[in-house]
Amino acid sequence: MISLSGKVAIVTGAASGQGAAEARLLAAAGAKVVLTDISDKGRAVAAELGGNGVFVDQDVSQEADWGRVIEQALARFGRLDVLVNNAGIYKPGTLPDTDVALWDRHYRVNQLGVFLGMRAALQPMLKSGGGSIINVSSKAGMSKGPNMFAYGSSKWAVRGMSQLAAVDYAPFGIRVNAIYPGMIDTPMLAENNPEQLAMYKNMIPLKRVGRPEEVAQVVLFLASDLSSYMSGAEIGIDGGL
Ligand SMILES: NC(=O)c1ccc[n+]([C@@H]2O[C@H](COP(=O)([O-])OP(=O)(O)OC[C@H]3O[C@@H](n4cnc5c(N)ncnc54)[C@H](O)[C@@H]3O)[C@@H](O)[C@H]2O)c1
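Since we're looking at a predicted model, the values are computed, not measured.

*Asks:* Quick rundown of a nonpolar patch on the surface? Include the residues and the values.
*Replies:* On the surface, Leu-95, Trp-103 and Phe-149 cluster together to form a nonpolar patch covering roughly 290 Å² of accessible area. Relative to the helices and strands, Trp-103 resides in helix α4 (residues 100-128).

*Asks:* Please give an account of the pairing of strand β4 (residues 82-85) that cites residues and values.
*Replies:* In the case of a regular strand, side chains alternate between the two sheet surfaces. Where burial is concerned, the two faces of β4 agree: the one with Val-82 and Val-84 and the one with Leu-83 and Asn-85 are both buried. Bridge analysis of strand β1 (residues 8-12) against β4 gives 3 bridges, and the strand direction is parallel. By the bridge assignment, Val-11 is partnered in β4 with Val-84. Relative to strand β5 (residues 131-136), β4 runs parallel, the two being bridged by 4 bridges. Directly across from Val-84, in β5, lies its bridge partner Ile-134. Note on the crossover from β4 through α4 to β5: the handedness is right-handed.

*Asks:* How would you sum up the pattern of salt bridges? Please name residues and give values.
*Replies:* Any two side chains of opposite charge can pair, given that their charged atoms come close. What the rule picks out here adds up to 12 salt bridges. One salt-bridge network, held together by shared partners, links Asp-57, Asp-65 and Arg-68.

*Asks:* Go over the site of the ligand, please, and point to the residues and values.
*Replies:* In the vicinity of the ligand there are 29 residues, among which Ser-16, Asp-37, Asn-86, Tyr-151 and Thr-186 approach most closely. In this structure, Gly-182 approaches the ligand through a main-chain N or O atom, which is 3.3 Å from an oxygen atom. Here Thr-186 contributes a side-chain N or O atom positioned 2.6 Å from an oxygen atom of the ligand. Protein chains bury 92% of the 830 Å² of accessible surface belonging to the ligand in isolation. Along the lines of polarity and charge, the residues of the shell around the ligand split into 14 nonpolar, 12 polar and 3 charged.

Cut-offs and rules
Residues numbered from 1 in each chain as written. Predicted model: local features only at pLDDT ≥ 70, side-chain atom pairs only at ≥ 80, totals over all residues. Heavy atoms only, no water. Patch = residues over 30% accessible without salt bridge, like charges linked within 9 Å, V, L, I, M, F, W, Y side chains within 5 Å. Areas by Shrake-Rupley, 256 points an atom, 1.4 Å probe, with all protein chains shown as cover. Salt bridge = Lys/Arg side-chain N within 4 Å of Asp/Glu carboxyl O. Helix = DSSP H or I, 4+ residues; strand = E, 2+ residues; numbered from the N terminus. Buried < 20%, exposed > 50% of the residue type's maximum accessible area, 1.4 Å probe, protein only. Pairing = 2+ DSSP bridges. Right-handed = clockwise from strand over helix to strand, strands pointing away. Near = heavy atom within 4 Å. Polar contact = N/O pair within 3.5 Å; in protein donor to acceptor, adjacent residues only side chain to side chain. Nonpolar A, V, L, I, M, F, W, Y, C, P; charged D, E, K, R; others polar.

Rendered as structure tokens:
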């Protein structure tokens, strides 16, 4: 049994899908969890966790919102040990289809949001004596794929930022690892058209899509001291894809 007893975690994008599953599992392992999202549905997920969870509304692309989230985490639970940069958006589009607005939306949420989160976590994690940051990239952030130019580019950026941050944060005892989900059964999956979904499903060696809980299990391991010698790792959670 992995224990996060005594640890405090922030999970972004925790109103839905993988983020909600991660918040539930980290709390079940003993962590106090700050759930954030632009969607108010995160409030209900936090309520399930009783005194172990609190919801803070947040747009991850806004620096001021990060200030409020850290403030709330410290006011409510007194420290910060784990940050899961999970919030993300996916809107399909090839390069010719991608205008500056579509590009910018992906950049702001998926890339700038992760950068701001890692920066905001530094001081509170230093005070806690170290920490673990888990950035959610995607299989699209380490491979070629159609109809995902802005999304894939932002997830490749998360891959690079995670590698660079692992080096920069190592002197502070902060580990930074990235996960690369394949196809996971969440509301985001519905953004793919049926032909594209069928094509991807056929490519998965385990012949099924993943469940959000299966991603959360890997996040739990990376959040815990069982992964104490891991930083800069790239972990696929993709049914063998
Ligand atoms: N589902 C998949 O197949 C898949 C595959 C690879 C990677 N991912 C990544 O996993 C992460 C979680 O996605 P999911 O599959 O659970 O999808 P999801 O759509 O269920 O959840 C994403 C959450 O992020 C929130 N969000 C969006 N913009 C935000 C913002 N600006 N600030 C704060 N919160 C915001 C949404 O409200 C939502 O609750 C994302 O980073 C996504 O890119 C998903």
